[in-house]
Amino acid sequence: MHEWTLAEAIVESLNSFVEQNGRKKVLEVEILYGEMMELDTDILSYAIEELVKGTVLEGAKFSLKEEKALFKCNACGATWDFETAHKMLSHEFGILEEPSGARESPLHFIPDLAQALLKCPRCGSRDFEAISGKGIRVARMVLGR
Amino acid sequence: MDRDILFERGRRNLSRIGRIITIAAGKGGVGKSVVAASLALTLGERGKNVGLLDLDVHGPSIPDILHARGEIVASKEGLKPLSVHGIKVMSTGMLIGDNPLPTKGEDKRNLISFLVGLTNWGNLDYLIIDLPPGTGDETIWVLRALRGLKNVGVLVVTTPSILAVSVVRRLLSMLEDEKIRVIGIVENMAYFNCEGKVYRPFGRFSEELVRRFKLRVIASLPIDPSLEQTIYDGGLPHRSSEELKSAFYRLCDVVESSWGE
Ligand SMILES: Nc1ncnc2c1ncn2[C@@H]1O[C@H](COP(=O)(O)OP(=O)(O)OP(=O)(O)O)[C@@H](O)[C@H]1O
Ligand SMILES: [Mg+2]
Ligand SMILES: [Zn+2]
């Protein structure tokens, strides 16, 4: 359910940007989010829709795009995808979601914890990079007059 | 458009907190975490709403010092810090246990942005931030996030040792350049009592440095031989000895009045 918090972060950031630039209208916003965040885009879209009401962002067309995750080991050079990573995630650590009661990996909330929660599937090293698929950002925005 | 959404969110969260006290030292192992935890607990006992944010992401010791065990709960409002001993605590220790976390640079700063951006502290009078030694990514993140905020002060923890002087000097000049207010110097492990006589094995903290930066040594904390045992036995650091307890009370008085009303 941290989709709501993220939606709030996006909307607040965009609103202050648009206001700082003295604009009155936003036509389009493209959000790029990492696969590791495993976001529920229905909830995220709905939350954004609710939060933009009454702001300069109201009426803008939001599109949400997922960026695939890719990992590369600095020790042995292996690369792997999120499906492989997901299977290796230990259930030793979790964050309990309210009110659903679901228990999720902390990775889902904080993708940059990857090195603590994953190892290279080939050599077992934690010295790897998560090359893509982590954060959330505004990839594109079209402003109106 | 290049906005760091989570960093901005984290900074906004911090700007809504009453007062933020960052514990910095430059040097390792001088008692930052013990002081951070003790200050938070003492302020909590004085009726304040207190949060304690452990930003030592590689070696979080706050969960050990406070015996803060348990998983973090998430809701629509974000991650709930763990409530222990009357204060709210957030630490990577509660998210990844004792697992190593080899990360650096931008990744580490993003980790902190997510942690601070997603945490919902509720209403806080005080947030105490514990940092690792040095001036690496964690410290850089804090400097960036606190830059320009009015509700901020730094406590510099050090031992009186001659070896701490150059490290503290570097830290103080950095804080001066960044225009971040230093509340004062906390001299830890300053002395011990033996059969009525006071010994100062590390001497006194450099007066030259105190003058140069127009600061005050606002607390001299004793070496408490029972502190480790207290923590080991599940007790809390600020109550380890009467002397330490009253020293932390006096420190809180100075800290609270340093803001002026
Ligand atoms: N006043 C004191 N008397 C006795 N022991 C102390 C005192 N203050 C701290 N210690 C002990 O010194 C050790 C280091 O303390 P602490 O972990 O708080 O330091 P730190 O500066 O946070 O270290 P790090 O740089 O690793 O973060 C601990 O074992 C702690 O119990
Ligand atoms: Mg510490
Ligand atoms: Zn490998």
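As the structure is a prediction and not an experimental result, all values here were calculated from the model.

## Focus: the overall build of chain B
Next, step 1: Regarding its fold elements, chain B presents 10 helices and 11 strands.
Next, step 2: A compact globule built from 261 residues would reach a C-alpha radius of gyration of about 18 Å, and chain B, at 18 Å, matches this within 12%.
Next, step 3: Evaluated residue by residue, chain B yields a buried proportion of 58% over its 261 residues.
Next, step 4: Contacts in chain B between residues far apart in sequence, at least 24 positions, make up 78% of those at least 6 positions apart.
Next, step 5: Charge centroids of chain B, computed over 34 positive and 31 negative side chains, lie 6 Å from each other.

## Here we look at the interface of chain B and chain A
Next, step 1: Facing the 35 residues of chain B at the interface are 40 residues of chain A.
Next, step 2: Taken over both partners, the interface formed by chain B and chain A buries close to 3400 Å², and the fraction arising from carbon and sulfur atoms is 60%.
Next, step 3: Counting every contact that joins chain B to chain A gives seven salt bridges.
Next, step 4: Close ionic contact of Arg12 of chain B with Glu12 of chain A constitutes a salt bridge, the shortest N to O distance being 2.5 Å.
Next, step 5: Here chain B and chain A share 15 residue pairs in polar contact (both at pLDDT 80 or more) between them.
Next, step 6: Contributing elements (two or more residues each) for the side of chain B that touches chain A: α1 (5-15), β3 (73-75), β4 (78-80), α4 (93-96) and α5 (105-118) of chain B.
Next, step 7: Tallying contributions element by element places α5 of chain B first for the side of chain B that touches chain A, with seven residues.
Next, step 8: Partitioning the side of chain B that touches chain A into residue classes produces 16 nonpolar, eight polar and 11 charged.
Next, step 9: Here strand β5 (residues 95-97) of chain A runs beside β3 of chain B; their pairing, made up of two bridges, is parallel.

## Examining the site of ligand 1
Residues and elements named next belong to chain B.
Next, step 1: In the vicinity of ligand 1, 16 residues are found, and the nearest of them are Gly29, Lys32, Ser33, Asp224 and Glu228.
Next, step 2: Between Asn188 and ligand 1, the recorded distance is 3.0 Å, taken from a side-chain N or O atom to a nitrogen atom.
Next, step 3: Contact with the protein chains removes 77% of the 630 Å² of surface that ligand 1 exposes when unbound.
Next, step 4: Elements that contribute at least two residues to the shell around ligand 1 include exactly α2 (32-45), β9 (182-194) and α9 (227-232).
Next, step 5: Among the elements that take part in the shell around ligand 1, α2 stands out by supplying three residues, more than any other.
Next, step 6: The residue inventory of the shell around ligand 1, partitioned by class, reads seven nonpolar, five polar and four charged.

## A word on the domain arrangement of chain A
All names here are of chain A.
Next, step 1: By the assigned domains, chain A splits into domain 1 (2-67 + 134-144) and domain 2 (70-132).
Next, step 2: Here the C-alpha centre of domain 2 lies 26 Å away from the C-alpha centre of domain 1.
Next, step 3: The interface is formed by seven residues belonging to domain 1 together with 12 residues belonging to domain 2.
Next, step 4: Across the interface of domain 1 and domain 2, roughly 1100 Å² is buried in total on both sides, 61% from carbon and sulfur atoms.
Next, step 5: Linking domain 1 with domain 2 are one salt bridge, by the criterion used here.
Next, step 6: The salt bridge involving Lys134 is made with Asp112; its shortest N-O contact spans 3.7 Å.
Next, step 7: Linking domain 1 with domain 2 are four residue pairs in polar contact (both at pLDDT 80 or more), by the criterion used here.
Next, step 8: A per-class count over the side of domain 1 that touches domain 2 returns two nonpolar, one polar and four charged.

## Details of the coordination of the zinc ion (ligand 3)
Residue and element names in this part refer to chain A.
Next, step 1: For the zinc ion (ligand 3), the full set of protein donor atoms is Cys73 (SG), Cys76 (SG), Cys120 (SG) and Cys123 (SG), and the range of their distances to it is 2.3 to 2.4 Å.
Next, step 2: Bound by four donor atoms, the zinc ion (ligand 3) shows angles of 106 to 113 degrees at the metal and therefore tetrahedral coordination geometry.
Next, step 3: Donor residues for the zinc ion (ligand 3) sit on one chain with the sequence pattern C-x2-C-x43-C-x2-C. Of this pair, Cys73 sits in strand β3 (residues 70-73) while Cys123 sits in the loop between α5 (114-117) and β7 (128-132), and the two are 50 residues apart along the sequence.

## What to know about the sheet that holds β3 of chain B
Next, step 1: Taken in spatial order, the four strands of this open sheet run β6(A)-β5(A)-β3(B)-β4(B), and their pairing is mixed. Two strands bound the open sheet, and with one partner strand each, they are β6 (103-104) of chain A together with β4 of chain B.
Next, step 2: Sheet analysis places β3 of chain B next to β4 of chain B, joined by three bridges and oriented antiparallel. Counterpart to Val73 of chain B in the pairing with β4 of chain B is Lys80 of chain B.

## Describing the pattern of salt bridges
All names here are of chain B.
Next, step 1: Applying the stated criterion across every chain yields a total of 27 salt bridges over all chains.
Next, step 2: Its salt-bridge partner being Asp253, residue Arg46 comes within 2.6 Å of it at the nearest N-O pair. Here Asp253 lies in helix α10 (residues 242-257) and Arg46 lies in the loop between α2 and β2 (50-54), a separation of 207 residues in the sequence.
Next, step 3: In this structure, Glu178 engages Arg147 in a salt bridge whose closest nitrogen and oxygen atoms are separated by 2.7 Å.

## Remarks on the packing of helix α1 (residues 3-20) of chain A against helix α2 (residues 41-51) of chain A
Residue and element names in this part refer to chain A.
Next, step 1: Running from N to C, α1 and α2 point in directions that differ by 45 degrees, and their axes come no closer than 9 Å. Judged by the angle between their axes, α1 and α2 are oblique. The hand of the α1/α2 crossing is right-handed. Mapping the contact onto sequence places Glu3, Trp4, Leu6, Ala7, Glu8, Ile10 and Val11 in α1 and Ile43, Leu44, Tyr46, Ala47, Ile48, Glu50 and Leu51 in α2.

## Quick notes on the packing of aromatic side chains
Describing an aromatic ring pair means giving the distance of the ring centres and the angle of the ring planes.
Next, step 1: Counted by the stated rule, this structure contains seven aromatic pairs over all chains.
Next, step 2: Taking the centre distance of 5.5 Å and the plane angle of 10 degrees together, the rings of Phe71 of chain A and Trp80 of chain A count as stacked.
Next, step 3: Taken together, a centroid distance of 5.3 Å and an interplanar angle of 15 degrees make the contact between Phe192 of chain B and Tyr199 of chain B stacked.
Next, step 4: Judged by its relative accessible area of 34%, Tyr199 of chain B is partly exposed.
Next, step 5: Through pairs of rings, three or more aromatic residues link up here, namely Phe71, Trp80 and Phe128 of chain A.

Cut-offs applied
- Residues numbered from 1 in each chain as written.
- Chains lettered and ligands numbered in written order.
- Predicted model: local features only at pLDDT ≥ 70, side-chain atom pairs only at ≥ 80, totals over all residues.
- Heavy atoms only, no water.
- Helix = DSSP H or I, 4+ residues; strand = E, 2+ residues; numbered from the N terminus.
- Rg over C-alpha atoms; globule rule 2.2 N^0.38 Å.
- Buried < 20%, exposed > 50% of the residue type's maximum accessible area, 1.4 Å probe, protein only.
- Contact = heavy atoms within 4.5 Å.
- Lys, Arg positive; Asp, Glu negative; His and termini not counted.
- Charge placed at Lys NZ, Arg CZ, Asp CG, Glu CD.
- Buried area = accessible area lost by both parts, 1.4 Å probe.
- Salt bridge = Lys/Arg side-chain N within 4 Å of Asp/Glu carboxyl O.
- Polar contact = N/O pair within 3.5 Å; in protein donor to acceptor, adjacent residues only side chain to side chain.
- Nonpolar A, V, L, I, M, F, W, Y, C, P; charged D, E, K, R; others polar.
- Pairing = 2+ DSSP bridges.
- Near = heavy atom within 4 Å.
- Areas by Shrake-Rupley, 256 points an atom, 1.4 Å probe, with all protein chains shown as cover.
- Domains from an automatic or database assignment.
- Donors = N, O, S within 2.8 Å, 3.2 Å for Na, K, Ca; no water.
- Tetrahedral: all angles 85-135°; square planar, octahedral: opposite > 155°, others 65-115°.
- Axes fitted to C-alpha atoms, helices over the stretch in contact; angles between N-to-C directions.
- Parallel < 35°, antiparallel > 145°, perpendicular 65-115°, else oblique.
- Left-handed = near helix turned anticlockwise from the far one by under 90°.
- Phe/Tyr/Trp six-rings, centres within 6.5 Å; stacked < 30°, edge-to-face > 60°.

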